[in-house]
Number of protein chains: 2
Amino acid sequence: MIKVIKIGGNVVDNPELLREFVKDFAAMPGMKILVHGGGVMASQMQKAMGMTPLMIEGRRVTDEASLKVVTMVYAGWCNKNITAMLQAQGCNAIGLTGADGNAIKADKRPPVYVDSLGKDIDYGYVGDVSAQSVNAPFIYSLLSRGIIPVFNAINHDGKGNLLNTNADTIASSIAVAMANYRYRSPREVCCRCEECTHCCDDGRLTHETDLIYCFEKDGVLYDKDDDASVIPEIDKEKFAQLKEEGIVADGMIPKLTNSFKAIDSGVARVVIKHARNLLNDKGTILI
Amino acid sequence: MIKVIKIGGNVVDNPELLREFVKDFAAMPGMKILVHGGGVMASQMQKAMGMTPLMIEGRRVTDEASLKVVTMVYAGWCNKNITAMLQAQGCNAIGLTGADGNAIKADKRPPVYVDSLGKDIDYGYVGDVSAQSVNAPFIYSLLSRGIIPVFNAINHDGKGNLLNTNADTIASSIAVAMANYRYRSPREVCCRCEECTHCCDDGRLTHETDLIYCFEKDGVLYDKDDDASVIPEIDKEKFAQLKEEGIVADGMIPKLTNSFKAIDSGVARVVIKHARNLLNDKGTILI
């Protein structure tokens, strides 16, 4: 079993919530990977340096100066602090960008047509990733030695450029890549043990892989103003119904659409929950 | 053979020199480790954010706000750019702070008496390291899989704090640790091959390890204003003589003193040379 856990910028920006989350993450047994955002802090830093953050449809336009700031904030301050905090909890974390060990190679996004503006927009140093971008053998080599990768939003293009990438997409890409990664069992034969989901023709195995989105809400809610109205389980049919009823709307639609894509691509479960509930079974499970 | 190479802030700040150095470093065969500074850029960033860098006897006083800036600049922008540049040259680099994989655990420096001020100074979030601080098995596990560690000046104390550390000392500590690290030969017996310097009682081997300081001068100079006056070789006796004659003075004295300590502790050679001369034998060799 491998767990890929994503925490959003709101968790990273909240020192108390982050401290509690780090403790829980460190205590969680088994193979695990952390992916973190850090958006609010990057915008604050841009403003402190006299820059104006430019977001179009929720995505940051990343020119050279902005790339410097997000790399400093995400890969520098946030990533190294979380790594040091995990180390203090006895979790042997390693902070990574996609450039490190060539862990994730992204494609620079070409200019895209933005409906609301009616024209092509060049997002600048922004990268797109998929499961094919992920160096699963490298990540697995760390996991198998008890080293816990901590990814941030910065990747590279293999040509010497760093690229800012959506952290949700990084998390789902890693989860799909790890779910499909065939490792050779130390026993060199199919053991049919609990941690293996199935055996492949060549005697290699895959790990059941979960993707867990932790944020500052208790899950997908029937009523967005009522934190107690968590929908415990959503399958594709229910998702279609919830969309039609307008219960799932706005930013939650692409999140859930991408989550079901991850499930179709081999991820066992996607869970959406509050960061403080990492170790319990509260939240919304997508199956 | 393991080579530990340190580049100073003047190389990191010079885009053209850095680009050439990165190409040469990537082309260098064998096991290698890069350690980089980045001091000038950190001070620029502090000033851009309205802070006043405070240096006492050449060392940065690092309060919480300064720690944030140096972590962003060293571990974020500089480290990830160098890593991405190396990846583009086919060198499978991994950017590391001491927190990553618990590679280097530093001790927070207690307040120290500063002669020139006549009082104790608390340098803040500043760490001291020695060869004992270095996690040689982890670093060797990367090297043995062809992954090239790229260290910056940020380490951790194991209690969740990041610490700013002198990059020269990081380089010499890593070199001493690697020179003394006993690895098991893949052949499981002493092979007396060229890459091994000697065999140990338990059948483990050590790698001959060089420490190379690359900066913007051609080496240790007889005349500091004449770049052609490089002293090709210095042993301890000659060092004593050069100090007495005042030819080696100021910041070069601690650099050379620490270099000879590294040699006494197992490092084969220390070389001081210009960053553009990495692949040739120009420079000053300390033996």
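Residues numbered from 1 in each chain as written. Chains lettered and ligands numbered in written order. Predicted model: local features only at pLDDT ≥ 70, side-chain atom pairs only at ≥ 80, totals over all residues.

Peer 1: Mind showing me how you'd approach the overall build of chain A here?
Peer 2: Within chain A, the secondary structure is distributed over eight helices and 19 strands. Dimensions of chain A, computed from C-alpha atoms along their principal axes, come out at roughly 60 × 45 × 40 Å. Across the 287 residues of chain A, 45% fall into the buried class. In chain A, of all internal contacts separated by at least 6 residues, the share reaching a separation of at least 24 is 72%. (Helix = DSSP H or I, 4+ residues; strand = E, 2+ residues; numbered from the N terminus. Buried ≥ 20, exposed ≤ 12 C-beta atoms within 10 Å, placed from the backbone. Contact = placed C-beta atoms within 7 Å.)

Peer 1: Just to check I follow, could you spell out helix 4 (residues 64–88) of chain B for this structure?
Peer 2: Each turn of an α-helix holds 3.6 residues, which means side chains three or four residues apart point in the same direction. All names here are of chain B. The end-to-end C-alpha distance of helix 4, which contains 25 residues, comes to 35 Å, matching closely the 36 Å that a straight helix rising 1.5 Å per residue would cover. Most of helix 4 sits out of view: 22 of its 25 residues are buried. Gly90, located one to two residues past helix 4, shows a positive phi value of around 80°. (Expected span 1.5 Å × (residues − 1).)

Peer 1: What should I look at first to understand the interface of chain A and chain B in this one?
Peer 2: Accessible area lost during the coming together of the parts is what is often quoted as the interface size. In this complex, chain A contributes 32 residues to the contact, which on the side of chain B involves 32 residues. Among the residues making up the side of chain A that touches chain B, the classes are represented as 14 nonpolar, 14 polar and four charged. (Nonpolar A, V, L, I, M, F, W, Y, C, P; charged D, E, K, R; others polar.)

Peer 1: Even after reading the chapter, I still don't get the packing of helix 4 (residues 64–88) of chain A against helix 4 of chain B, so can you show me in this structure?
Peer 2: Packed helix pairs are specified by the crossing angle of their axes together with the interaxial distance, meaning the distance between the axes. Here helix 4 of chain A crosses helix 4 of chain B at 115°, and the two axes come no closer than 7 Å. Of the possible angle classes, the one that applies to helix 4 of chain A and helix 4 of chain B is roughly perpendicular. Here the hand of the crossing between helix 4 of chain A and helix 4 of chain B comes out right-handed. Across from Lys68, Thr71, Met72, Val73, Ala75, Gly76, Trp77 and Lys80 of chain A in helix 4 of chain A, the residues of helix 4 of chain B making contact are Lys68, Thr71, Met72, Val73, Ala75, Gly76, Trp77 and Lys80 of chain B. Its residues assigned to classes, the contact of helix 4 of chain A with helix 4 of chain B shows eight nonpolar, four polar and four charged. (Axes fitted to C-alpha atoms, helices over the stretch in contact; angles between N-to-C directions. Parallel < 35°, antiparallel > 145°, perpendicular 65-115°, else oblique. Left-handed = near helix turned anticlockwise from the far one by under 90°.)

Peer 1: I tried to follow the nonpolar core on my own but got confused; where do I start?
Peer 2: What tends to happen in soluble globular proteins is that the nonpolar side chains get buried as a cluster. If you look at the biggest cluster of nonpolar residues, it comprises 163 residues, and the most contacted ones within it are Val4 of chain A together with Val4 and Ile174 of chain B. For Ile174 of chain B, the contacting residues outside a window of four places in its chain are Val4, Ile33, Val35, Val134 and Phe151 of chain B. (Core = buried A, V, L, I, M, F, W, Y, C linked by C-beta atoms within 7 Å.)

Peer 1: Explain the relation of the copies chain A and chain B to me, please; I cannot follow it from the model alone.
Peer 2: At an RMSD of 0.0 Å, chain A and chain B line up after a rotation of 180° and a shift of 0.0 Å along the axis. What the superposition gives is, in effect, a two-fold axis relating one chain to the other. Comparing interface residues between copies, 100% of those in chain A also lie at the interface in chain B; the contact surface is shared. (Least-squares fit on C-alpha atoms with pLDDT ≥ 70 in both.)

Peer 1: I keep staring at the confidence of the model for chain A and nothing clicks. Help me out?
Peer 2: Low pLDDT marks regions whose predicted coordinates should not be analysed in detail. Put simply, chain A has an average pLDDT of 91, and 93% of its residues get 70 or more. ipTM for the predicted complex: 0.92, alongside a pTM of 0.93. (pLDDT = per-residue confidence, 0-100.)

Peer 1: Is there a simple way to think about the pairing of strand 12 (residues 162–165) of chain B in this case?
Peer 2: Each regular strand displays side chains that alternate between the two surfaces of the sheet. Residues and elements named next belong to chain B. In strand 12, alternate side chains face the same way, and those of Leu162 and Asn164 on one face and Leu163 and Thr165 on the other are all buried. With two bridges connecting them, strand 9 (residues 126–128) and strand 12 associate as parallel partners. Across the sheet, residue Gly127 finds its bridge partner in strand 12, namely Thr165. Summarising the sheet, strand 11 (residues 154–156) and strand 12 pair through three bridges and their orientation is antiparallel. When the bridges of strand 12 are listed, His156 appears paired with Leu162. The hairpin formed by strand 11 and strand 12 contains five residues between the paired strands, and Gly158 there has a positive phi angle of roughly 80°. (Pairing = 2+ DSSP bridges.)

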